Number of protein chains: 2
Amino acid sequence: MIITVTLNSALDVTYRVPSLIPHATHRVTEAVERPGGKGVNVARVLAALGHRTTVTGFAGGPAGDELRRRLATVPDAHRITDALVPVAGLTRRTVGVVDAATGDTTMFNEPGPTVGPSEWTAFLAVYRELLADPGTEAVALCGSLPPGLPVGAYAELVREARGAGVYALLDTSGEPLRRGLAARPDLIKPNAAELTGLTGFSEPARAAHDARRRGARGVAASLGADGMLAVTEEGGWRALPPGRLAGNPTGAGDSAVAGLLSGQVEGLPWPRRLARAVALSAATVLAPAAGEYDRAGYEELLPKVEVVPAG
Amino acid sequence: MIITVTLNSALDVTYRVPSLIPHATHRVTEAVERPGGKGVNVARVLAALGHRTTVTGFAGGPAGDELRRRLATVPDAHRITDALVPVAGLTRRTVGVVDAATGDTTMFNEPGPTVGPSEWTAFLAVYRELLADPGTEAVALCGSLPPGLPVGAYAELVREARGAGVYALLDTSGEPLRRGLAARPDLIKPNAAELTGLTGFSEPARAAHDARRRGARGVAASLGADGMLAVTEEGGWRALPPGRLAGNPTGAGDSAVAGLLSGQVEGLPWPRRLARAVALSAATVLAPAAGEYDRAGYEELLPKVEVVPAG
């Protein structure tokens, strides 16, 4: 079983408008709501790949209720266990406005609920119980911290996972990532900007080595259209997608996390893990709905991903 | 008592962002939800003016629940009775994104629930009961029709009101307005664009006379910064606000409707009704929150509104 942690979960709303015109009034032609937040996206892809996952983090208010209701009815919901912890504040909505004329998306992200000390304690109790389950193999710690949580929250969660012998992947940014590294996560999955923000180096291989020096046992950096670069204890590899893809990149990084984690618990060698992550990422860009992946596209892309030693 | 009808009610959400940039990701610095839809706005202003009002129309889904919860706790909520009729579809949200740098608002309006024939029948039963209440003096029929309702819906509601001897004000646009006129509403309150759309004339006085010829007993046209023009059986007047006002015009027309209707049931002469409508409208532009009005500003503006015979 794989745990995904989404401390700042969200109800993702997508609005389609004929054309986005600043300061005008738009008729929304289509409104779609889906359970969101990075860890929730990871869980959905893991479930689609056949893995049992448990979703935890916080949920509260009307958007939190709706998120949980929808999480129970997604495809492969029978492989997803809802262990979200109630919070008095309001789970955020994110609103993505898709301009039908250009295909571009404009995002508006609400800040999320303020989490109090007793709520954080309640979450830690649930988290420790999940880590103690003998079936738990890995945990994905994903996304931003909601207001009120200590900036070292992820460091604490990594430490707990490692203490329980559970593989910990950390996918966050800024100060929570910097602090998290001190607890020595098994893997981090920054994008190019996050990796540069962390290390000061813009060359990915150099930055990845520096991130390892700062505490990450492994680094798998997602480089957009340039695929992924992994620098690990077992070696370094670069995986390249077959050509440029047009579509919506929302959730592509979360699909990569699901690819990496599923490969880890299946014991795949690194080149195959990386190929899976890149193919899932690309298939997410191809899917019409943000944060879902095109299953036929994935099967077709997987054998075409090129993996070469690097780093 | 005054009835306000909002067939397409809404939960109005206002997002504040530092600056709106198309196709970028925005952190929402402030998110505010309020009960909305034109008739709901009218009811809130009527309640603030001391009038008992009953809100009806449709509400459904999470946004409908939230609208009702919030309607029960607005200022002067003790003067507002909730007689909204449940609907299986989802009450819409409207999202207004305020650009903090310029003060401009970009609106995204969801379409609203599809109303079925049995729901329309249930609404008509509630509406007839409210009209039959001996305390009912007037009704405001406000806003767009949700999907599924007959385009002649407002004509039917005007006919019922007139049959019950209740003063009917119609504030809508397009084909529902055109059809509604055939039932001879006591007053319509179009803005300049709606009046031109209805009659084909761009000169307000000429268009107002033409609207009366088409069935409206009285016309009170809101002309933005140029105030209001009334053409009625008792004569014609023009009311001018004291100078240009900067602010958010959302809800200004609804405040004008509340001013006109409260003046009607209080038996105010037309020039005083019009002055009240214009002062309330201007005080709504001055208020920081969309759809609320600045009470001190209203008291100050009221004596400064100039009303002259016209039309």
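This text follows the structure it describes.
Calculation notes
Residues numbered from 1 in each chain as written. Chains lettered and ligands numbered in written order. Predicted model: local features only at pLDDT ≥ 70, side-chain atom pairs only at ≥ 80, totals over all residues. Heavy atoms only, no water. Helix = DSSP H or I, 4+ residues; strand = E, 2+ residues; numbered from the N terminus. Rg over C-alpha atoms; globule rule 2.2 N^0.38 Å. Areas by Shrake-Rupley, 256 points an atom, 1.4 Å probe, with all protein chains shown as cover. Lys, Arg positive; Asp, Glu negative; His and termini not counted. Charge placed at Lys NZ, Arg CZ, Asp CG, Glu CD. Buried < 20%, exposed > 50% of the residue type's maximum accessible area, 1.4 Å probe, protein only. Contact = heavy atoms within 4.5 Å. Axes fitted to C-alpha atoms, helices over the stretch in contact; angles between N-to-C directions. Parallel < 35°, antiparallel > 145°, perpendicular 65-115°, else oblique. Left-handed = near helix turned anticlockwise from the far one by under 90°. Nonpolar A, V, L, I, M, F, W, Y, C, P; charged D, E, K, R; others polar. Pairing = 2+ DSSP bridges. Right-handed = clockwise from strand over helix to strand, strands pointing away.

## Observations regarding the overall build of chain A
Then, number 1: Scanning chain A from N- to C-terminus turns up ten helices and 15 strands.
Then, number 2: Taking 311 residues into account, the globule formula puts the C-alpha radius of gyration at 19 Å, and chain A, at 18 Å, falls close to it.
Then, number 3: Each principal axis of the C-alpha distribution contributes one length, and for chain A these read about 55 × 50 × 40 Å.
Then, number 4: Counting only carbon and sulfur atoms, one obtains 52% of the accessible surface of chain A, whose full area is about 12,000 Å².
Then, number 5: In chain A, the 31 positive side-chain charges and the 32 negative ones have mean positions that sit 3 Å from each other.

## Looking at the environment of Val115(B)
All names here are of chain B.
Then, number 1: Looking at the secondary structure, you find Val115 in the loop between strand E8 (105-109) and helix H3 (117-132).
Then, number 2: According to the relative accessible area criterion, Val115 is buried, its value standing at 3%.
Then, number 3: The spatial distance from the C-alpha of Val115 to the C-alpha of Thr29 is 35 Å, given a sequence separation of 86 residues.
Then, number 4: Those residues in contact with Val115, other than ones at most four positions away along the chain, are Phe58, Val87, Trp120, Pro146, Pro147, Gly148 and Leu149.

## Let's talk about the packing of H3(B) against helix H4 (residues 153-163) of chain B
All names here are of chain B.
Then, number 1: Closest axis-to-axis distance for the H3/H4 pair is 10 Å, and the angle between their directions is 25°. Judged on the interaxial angle alone, H4 and H3 are roughly parallel. Crossing of H3 against H4: the hand is right-handed. Here H3 contributes Trp120, Phe123, Leu124, Tyr127, Arg128 and Leu131 to the contact with H4, which in turn contributes Ala153, Glu156, Leu157, Glu160 and Ala161.
Then, number 2: Here the contact of H3 with H4 is composed, by residue class, of eight nonpolar, no polar and three charged.

## Here's the deal with the pairing of strand E10 (residues 167-171) of chain A
Residue and element names in this part refer to chain A.
Then, number 1: Within E10, five of the five residues are buried, leaving the element largely enclosed by the surrounding structure.
Then, number 2: The pairing of strand E9 (residues 138-142) with E10 spans five bridges and is parallel. In the sheet register, Leu141 faces E10, and the bridge partner there is Leu170.
Then, number 3: On the question of chirality, the crossover connecting E9 to the parallel E10 by way of helix H4 (residues 153-163) is right-handed.
Then, number 4: Bridge count for E10 against strand E11 (residues 187-188) is two bridges, and the pairing is parallel. The partner of Leu170 across the bridge, within E11, is Ile188.
Then, number 5: The handedness of the E10 to E11 crossover, carried by helix H5 (residues 174-181), is right-handed.

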